[in-house]
Amino acid sequence: MANGSYNPYENAQAQFDRVANILGLDDATKSLLRQPMKEYHFTIPVKMDDGSTKVFNGYRIQHNDARGPAKGGIRFHPQETVDTIRALSMWMTWKCAVVDIPLGGGKGGIICDPRNLTENEQERLCRGWVRKLAKDVGPFSDVPAPDVMTNGKHMLWMLDEFEQIHGGRYPGFITGKPVGMGGSLGRTEATGYGLIYTVREALKNLGMKIENTSASIQGFGNVAQYAAKLYTELGGTVVAVSCWDNTDKKAYTFAKKSGLDIAALFSMTDSFGSIDKDKARDMGIEILPEGAWLEQEVDILMPSALENQITLENVDKISKQVLLIAEGANGPINTDADEKLRKNGMFVIPDFLANAGGVTCSYFEQVQSNMNYYWEKEEVLHKLDYQMTTSFKAVKETADKNKLYMRDAAYVISINRVAQAVKMRGWV
Ligand code: GLU
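Right, let's walk through the structure included here. Remember, predicted model here, so these are calculated numbers, not experimental data. (Residues numbered from 1 in each chain as written. Predicted model: local features only at pLDDT ≥ 70, side-chain atom pairs only at ≥ 80, totals over all residues. Heavy atoms only, no water.)

1. Quick look at unusual backbone geometry
The phi dihedral of Lys249 falls on the positive side, at around 55°, and the residue is not glycine. Within the secondary structure, Lys249 is located in the loop between strand S7 (237–245) and strand S8 (250–255). Among the residues examined, Lys249 registers a relative accessible area of 47% and is labelled partly exposed. Although it is not a glycine, Lys403 sits at a positive phi angle of roughly 50°. (Helix = DSSP H or I, 4+ residues; strand = E, 2+ residues; numbered from the N terminus. Buried < 20%, exposed > 50% of the residue type's maximum accessible area, 1.4 Å probe, protein only.)

2. Observations regarding the site of the ligand
Near the ligand, the surroundings consist of 14 residues, among which Lys71, Lys95, Lys107, Asp147 and Ser362 are the closest. Note that a nitrogen atom of the ligand is positioned 3.0 Å from one of the backbone N or O atoms of Pro146. Contact between the ligand and Ser362: an oxygen atom at 2.5 Å from a side-chain N or O atom of the residue. Protein chains shield 93% of the accessible area of the ligand, which is 290 Å² for the free molecule. The set of elements that each furnish at least two residues to the shell around the ligand consists of strand S3 (70–77), helix H3 (82–98), strand S5 (142–146) and helix H12 (357–371). Looking at the shell around the ligand residue by residue, the classes come out as 4 nonpolar, 5 polar and 5 charged. (Near = heavy atom within 4 Å. Polar contact = N/O pair within 3.5 Å; in protein donor to acceptor, adjacent residues only side chain to side chain. Areas by Shrake-Rupley, 256 points an atom, 1.4 Å probe, with all protein chains shown as cover. Nonpolar A, V, L, I, M, F, W, Y, C, P; charged D, E, K, R; others polar.)

3. Section: the nonpolar core
It is characteristic of soluble globular proteins that their nonpolar side chains tend to be buried jointly. Within the largest apolar cluster, 84 residues are counted, with the highest numbers of intra-cluster contacts made by Trp94, Phe220, Val241, Ile275, Met302 and Ile349. At 11 residues, helix H14 (residues 406–424) tops the list of elements feeding residues into this core. (Core = buried A, V, L, I, M, F, W, Y, C linked by side-chain atoms within 4.5 Å.)

4. Details of the environment of Lys256
Residue placement: Lys256 occurs in the loop between S8 and helix H8 (262–266). Assessed through its relative accessible area of 26%, Lys256 is described here as partly exposed. In this structure, the C-alpha to C-alpha distance between Lys256 and Val241, residues 15 residues apart in sequence, is 9.4 Å. Setting aside residues up to four positions removed in sequence, Lys256 forms contacts with Val238, Val239, Met283, Gly284 and Ile285. At 3.1 Å, the side chain of Lys256 forms a polar contact with the backbone oxygen of Met283. (Contact = heavy atoms within 4.5 Å.)

This is the structure we're talking about:
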């Protein structure tokens, strides 16, 4: 969300400009890649259960499709803004390019709070979004997926609407579908697992054994949950997670020095990632203020909730013990805080590499959907691990060779790949 003076689109453009200048990109390529190629803004009237009609604002923004169909999630959030979606669509282009999958970048959203909508209202909203875009998205042009507060159920309603309109079965239109309905095994786990594959590789670089490390995670939605699961399975200790409490309308940190039991936490978490405070207290978990997740004395921080969470106001509260920050969310560190971390020599695994596991598995899902032939879970996760590990190593090698911050190194790889694609197509 763009809050206060923070604008994620300006942040995304500043990051791009910095590396475009390092690379000496020509003006036409710069101007093509520093903004989205196409934007759709529209209204979605929805009949509410009480008989009234409410009008929602919906968006789809396609940043670039030179390397393949635009790809990226659809977010439901009350504070959603066009600039946030623009930034996120750009990050999707770089994300697909850094893991070298043949897809471009897009992002969509609806300004709404699904926590206050019934199932039927959510279904009508999903169908309304597709009706407005049915001609402009599709398996060969733009392939949506879940994102903040959307899931497989929403994807299936959207797929069904698309198929009703086009008269056929097009499972490759959308990813993140439920397993058995065109979804891929492993897709639910993919973003969180992918994050941990990169953390595992980074720890090898730092000469640390994962079983001797501890972590604090911001968020307990899909990404954070599966990151916590795999990290603890590999021997790490999660000492804190934070999450939004929809009753109190604020976030809390749930902490336990000896380590949280992630499976037990799962069982007391609702579908939006909110943990039941009473049940947590019964298990000896401390309930601390929202910002406490950042101040924990741990080796690894994984901001895996929303953008603009680490800023100049709180960056100095990070413990000296922290050696690694893995960005599970998109854009969790703002530009100023990032500058400080860069100067302090912090090892940061940048968002569009760290959380690329989701879209990588979406790509696998699309391949399976288009073939109508589905792989075993082990095969999916093996391919995911391979893709994340090789991409991490390529970024680290570029960073070491050119003495670059990991974020800049990842950008160098991505921007080069996309710039080459637009050149080869003769667009510039
Ligand atoms: N929403 C996820 C992301 O930001 C996944 C996108 C996708 O699977 O297309 O990477």
